[in-house]
Amino acid sequence: MTPIDLNADLGEGFGRWRLTDDERLLSVVTSANVACGFHAGDAATMRRVCELAAERGVRIGAQVSYRDLAGFGRRAMDVPPGELAAEVAYQIGALEVFARAAGSRVAYVKPHGALYNRVVRDEEQARAVVDGVVLADAGLPVLGLPGSRLLELAGKAGLPVVEEAFADRAYTDEGTLVPRREEGAVVTDPERVVSRALDLARGEVAARSGRRVAVRARSLCLHGDTPGAVDLVRRVRAALEAAGVRVEAFA
């Protein structure tokens, strides 16, 4: 089987408030999607997470978002393409400062929340994200959903593309994620999450309807804000390795 990267959303705090257990998650994952201040995160948090990731050899990814701290980046927004491209580049650049200071670098880019879902089908917003990545660094890989407009346009722009899947999210029959507002969109039962991770490593997953859907993935995402996230990621990694899957970063 293809090697699998484990990524998680980290640095999702602000000031004195912390949502993710960054230090413990960084002992398990191979890639860290670090909030860049638009949906969560601040300068001190970004610096701390980059230092911890560099110490552990975990790849640092810029998790770019709409400017939506109050809504955690999960509210639909209409941002002009030029403005969005500039904001994507701005977020990558901010994180790069702290990654470099820690002796590492920003190794990839992944949209967050509403932006992630929007660029699956919205060509204008997807192109703006790609333009922002190119503006920041024309060699950065882009992590996203298989078959999305984002990955299609990123590939056309010459950016490396990496497909990811979600062990803790429900899928539609079309291979897209069930919207969070719908019941059952987030899978919380540990046994199901582990089982789905193993299925995804083999290239398929059970959709919400029960239909088996082909899903290509080089990276598996587990959300750091899920209750018990650290133990869950440990179980997933142990199960993958027991099944003979090599767990390693893609970047």
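All residue numbers refer to position in the chain's written sequence, counted from 1. Under the rules for a predicted model, residues below a pLDDT of 70 receive no local features and side-chain atom pairs below 80 are neither given nor counted, while totals for whole chains, interfaces and linings still include all residues. Note that the side-chain values use all heavy atoms of the structure and ignore hydrogens as well as water.

Draft legend 1. Inspection of the overall build of the chain at higher detail. Within the chain, the secondary structure is distributed over 8 helices and 11 strands. For 251 residues, the compact-globule estimate of 2.2 N^0.38 gives 18 Å, and the chain sits close to it at 17 Å. By its C-alpha atoms, the chain is 40 × 40 × 35 Å across when sized along the principal axes. Note on exposure labels: buried denotes an accessible area under 20% of the residue type's maximum, exposed denotes more than 50%, and partly exposed covers the range between, all computed with a 1.4 Å probe on protein chains only. In the chain, which comprises 251 residues, the proportion classed as buried is 55%. Residues are treated as being in contact if the distance between any of their heavy atoms lies within 4.5 Å. Taking the intrachain contacts of the chain between residues at least 6 apart in sequence as the baseline, contacts between residues at least 24 apart amount to 71%. With residues, only the protein chains shown are counted as cover, and all accessible areas are computed by Shrake-Rupley using a 1.4 Å probe. Here the chain displays about 10,700 Å² of accessible surface, and carbon together with sulfur accounts for 49% of that area. When the 33 positive and 35 negative side-chain charges of the chain are each reduced to one mean point, those points stand 2 Å apart. Strands are runs of DSSP state E lasting at least 2 residues, helices are runs of H or I lasting at least 4, and numbering of each runs from the N terminus. Atoms counted for the radius of gyration: C-alpha only. Globule rule: 2.2 Å times residue count to the power 0.38. None of His or the chain ends enter the tally, which takes Lys and Arg as positive and Asp and Glu as negative. Taken as the charge centre is NZ of Lys, CZ of Arg, CG of Asp or CD of Glu, depending on the residue.

Draft legend 2. Up close: the pairing of strand S4 (residues 31-35). When you tally the buried positions in S4, you get 5 out of 5 residues, the bulk of the element. On S4, burial covers both faces: Ser31, Asn33 and Ala35 on one face and Ala32 and Val34 on the other are all buried. Note that strand S1 (residues 5-10) and S4 share 4 bridges and pair parallel. Across the sheet, the residue bridging to Ala8 is Ala32, located in S4. At least two DSSP bridges between two strands are required for those strands to pair. With 5 bridges joining them, S4 and strand S5 (residues 59-64) adopt parallel strand pairing. Pairing of Val34 across the sheet is with Ala62, part of S5.

Draft legend 3. Focus on the packing of aromatic side chains. Aromatic pairs are defined between Phe, Tyr and Trp rings, using the six-membered ring for Trp, whenever the two ring centres lie within 6.5 Å; interplanar angles under 30 degrees are classed as stacked, those over 60 as edge-to-face, and all others as tilted. Overall, the coordinates contain 3 aromatic pairs when judged by the stated rule. Measuring from centroid to centroid gives 5.7 Å for Tyr116 and Phe166, while their planes differ by 90°, and the two rings are edge-to-face. With Tyr116 in helix H4 (residues 113-121) and Phe166 in strand S8 (residues 161-166), this pair connects stretches of sequence that are 50 residues apart. Here Tyr116 matches Phe166 in class, with each residue buried.

Draft legend 4. How the structure looks around helix H6 (residues 149-156). Within the sequence span of H6, burial applies to Leu150, Leu151, Leu153 and Ala154. Buried residues of H6 fall within an arc of 165° about the axis and therefore sit on the same side. Against strand S6 (106-111), H4, helix H5 (123-136), strand S7 (142-144) and S8 lie the buried residues of H6. Downstream of H6 by one or two residues, Gly158 has phi in the positive range, about 90°. The arc in question is the one spanned by the directions pointing from the helix axis to the C-beta atoms.

Draft legend 5. Structural detail: unusual backbone geometry. One non-glycine residue, Phe72, lies in positive phi territory at about 55°. Looking at where Phe72 falls in the secondary structure, it is placed in the loop between S5 and helix H3 (81-101). A residue is classified by how much of its surface remains accessible, and Phe72, at 12% relative accessible area, is buried.

Draft legend 6. Seen up close, the pairing of S1. Buried residues dominate S1, accounting for 6 of its 6 residues. The side-chain alternation of S1 yields two buried faces, one formed by Asp5, Asn7 and Asp9 and the other by Leu6, Ala8 and Leu10. Two elements, S1 and strand S11 (residues 219-221), share 3 bridges in a ladder whose sense is parallel. By the bridge assignment for S11, Asn7 is matched with Cys221.

Draft legend 7. Representation of the packing of H5 against H6 in the model. Working convention: axes come from line fits to C-alpha atoms, limited for helices to the stretch in contact. Angles between N-to-C directions cover 0 to 180 degrees. Two elements in contact, H5 and H6, have axes whose closest approach is 9 Å; the angle formed by their N-to-C orientations is 45°. Judged by the inter-axis angle, H5 sits oblique to H6. The hand of the H5/H6 crossing is right-handed. Between H5 and H6, the contacting residues are Glu123, Ala126, Arg127, Val129 and Val130 on the first element and Arg149, Leu150, Leu153 and Ala154 on the second. Only Asp, Glu, Lys and Arg are considered charged in this grouping, and only Ala, Val, Leu, Ile, Met, Phe, Trp, Tyr, Cys and Pro are considered nonpolar; every other residue, Gly among them, is considered polar. Its residues assigned to classes, the contact of H5 with H6 shows 6 nonpolar, no polar and 3 charged. Roughly parallel means an angle under 35 degrees; roughly antiparallel means over 145; roughly perpendicular covers 65 to 115; every other angle is labelled oblique. Less than a right angle of anticlockwise turn of the near helix away from the far helix marks a crossing as left-handed, whereas a clockwise turn marks it as right-handed.

Draft legend 8. Structural context of the side chain of Asp68. Note that Asp68 resides in the loop between S5 and H3. The exposure class assigned to Asp68 is buried, which follows from its relative accessible area of 3%. Pairing of N or O atoms within 3.5 Å defines a polar contact, subject to two protein rules: one partner must be a possible hydrogen donor and the other a possible acceptor, and residues neighboring in sequence count only if both atoms are side-chain atoms. A polar contact is formed between the side chain of Asp68 and the backbone nitrogen of Gly71, at a distance of 3.0 Å. Looking at Asp68, its side chain comes within polar contact range of the side chain of Arg75, at 2.5 Å.

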